[in-house]
Amino acid sequence: MFAWAVIFCVTITQLANAGSSIDISWSDCTPSSAKGKLSSLTFDPPSPEKTNANFSAIANGTVSETVNNGTFEAKVTFLGIVLDDIKGSLCSPDTVPIPDNYGTIWYLGIKCPQIAGDFSFELKAYLSSSAPDEKVKMVMTTFDDNKDVIVCAELTLDIKKSEEESEEKKK
């Protein structure tokens, strides 16, 4: 439920070459039988995010019971091809350097156990202007320690080059 943010940022590592902003859209793919529900996923500053600047991703929602520990799995696709199947822990903080100095993600982790009720989670990221003018999709599903689904989010990242970068590339 909280690790979606790590996956969102790691998605950028699958990309190469120039971009100036990232339009991000999302949908809740949580099944009705899951233990949680996402109510919002917001970005600060609001989307589109700018490259070469820090931004935050904030998830809000509810869980129906206490989560003592958990994992996440994210499948990242580009043009219908699976680029990566990423797995990790919900409860451990991590710093994820993006290859080729494209940026850094600071995953703050969650304090486990996560008590039943409202949750909010924030992650910070910095992405350089090294991303192509393309769309990447990612489906991230979180699980409790019994492997039951907590929440699921589907993200679309639309990398857009500035007009100046597009003109430079044509020269």
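Residues numbered from 1 in each chain as written. Predicted model: local features only at pLDDT ≥ 70, side-chain atom pairs only at ≥ 80, totals over all residues. Heavy atoms only, no water.

Q: Can you lay out the overall build of the chain for me, pointing to particular residues and giving the numbers?
A: Broken down by element type, the chain carries 2 helices and 11 strands. Across the chain, helices and strands are ordered from the amino to the carboxyl terminus as α-β-β-β-β-β-β-β-β-β-β-β-α. Partitioning the intrachain contacts of the chain with sequence separation of at least 6 by distance along the chain shows that 67% fall at a separation of at least 24. Roughly 8,400 Å² of accessible area belongs to the chain as shown, and the carbon and sulfur atoms make up 49% of that amount. (Helix = DSSP H or I, 4+ residues; strand = E, 2+ residues; numbered from the N terminus. Contact = heavy atoms within 4.5 Å. Areas by Shrake-Rupley, 256 points an atom, 1.4 Å probe, with all protein chains shown as cover.)

Q: I'd like to hear about the pairing of strand E5 (residues 70-78), residue by residue, with values.
A: Only one face of E5 is buried, namely the one carrying Gly-70, Phe-72, Ala-74, Val-76 and Phe-78, since none of Thr-71, Glu-73, Lys-75 and Thr-77 on the opposite face is buried. Taken together, the 8 bridges between E5 and strand E10 (residues 135-144) define a ladder with antiparallel strand orientation. Looking across to E10, one finds that Thr-71 is bridged to Phe-143. (Buried < 20%, exposed > 50% of the residue type's maximum accessible area, 1.4 Å probe, protein only. Pairing = 2+ DSSP bridges.)

Q: Just give me the short version of the state of the cysteines, but keep the residues and values in it.
A: Under the defined criterion, the tally for this structure stands at 2 disulfides. In this model, Cys-29 is linked to Cys-152 through a disulfide, with the two sulfur atoms separated by 1.9 Å. Around the S-S axis, the bridge from Cys-29 to Cys-152 shows a dihedral of about -75 degrees and counts as left-handed. You can see Cys-29 sitting in the loop between strand E1 (21-28) and strand E2 (36-44) and its partner Cys-152 sitting in strand E11 (residues 149-160), a full 123 residues away along the chain. In this model, Cys-91 is linked to Cys-112 through a disulfide, with the two sulfur atoms separated by 1.8 Å. Note on the Cys-91 and Cys-112 pair: the S-S dihedral is about -70 degrees, so by sign convention the disulfide is left-handed. (Disulfide = S-S within 2.5 Å.)

Q: Please set out the nonpolar core residue by residue, giving values where relevant.
A: Where a protein is soluble and globular, its nonpolar side chains tend to be buried together. Leu-90, Met-138, Ile-150 and Leu-155 are the most contacted members of the largest nonpolar core, which totals 33 residues. Looking at this core, the elements that each hand over two or more residues are E1, E2, strand E4 (53-63), E5, strand E8 (103-107), strand E9 (117-127), E10 and E11. The dominant element in this core, judged by the number of residues it contributes, is E11, at 6 residues. (Core = buried A, V, L, I, M, F, W, Y, C linked by side-chain atoms within 4.5 Å.)

Q: Go over unusual backbone geometry, please, and point to the residues and values.
A: Looking along the chain, the bond that leaves Asp-44 and enters Pro-45 is cis, with omega of 5 degrees. Mapped onto the elements, Pro-45 comes out in the loop between E2 and strand E3 (49-50). Backbone geometry places Lys-147, a non-glycine residue, at a positive phi of 70 degrees. Take Lys-147: it is sitting in the loop between E10 and E11.

Q: Before we move on, can you summarise the environment of Val-76 with the specific residues and values?
A: Positionally, Val-76 belongs in strand E5. We classify Val-76 as buried; its relative accessible area is 0%. Separated by 64 residues in the primary sequence, Val-76 and Met-140 have C-alpha atoms spaced 8.5 Å apart.

Q: Run through the confidence of the model for the chain, naming residues and quoting values.
A: For the chain, per-residue confidence averages 76 on the pLDDT scale, and residues scoring 70 or more make up 76% of the total. Mean pLDDT values over the elements of the chain span from 44, in helix H1 (residues 4-12), up to 91, in E2. Confidence drops under pLDDT 50 across residues 1-19; counting only partners more than four residues distant or on other chains, this segment forms 92 contacts. (pLDDT = per-residue confidence, 0-100.)

Q: Please provide a residue-by-residue account of the side chain of Thr-156, values included.
A: With respect to the helices and strands, the residue Thr-156 is situated in strand E11. Residue classification places Thr-156 among the buried residues on the basis of a relative accessible area of 13%. Among residues more than four places away in sequence, those in contact with Thr-156 are Asp-23, Ile-24, Ser-25, Lys-135, Val-136 and Lys-137.

Q: Please set out the side chain of Ser-21 residue by residue, giving values where relevant.
A: With respect to the element layout, Ser-21 can be found in strand E1. Residue Ser-21 is classed as buried on the basis of its relative accessible area of 10%. Once residues within four sequence positions are removed from consideration, Ser-21 is found in contact with Pro-48, Glu-49, Thr-51, Asp-158, Ile-159 and Lys-160.

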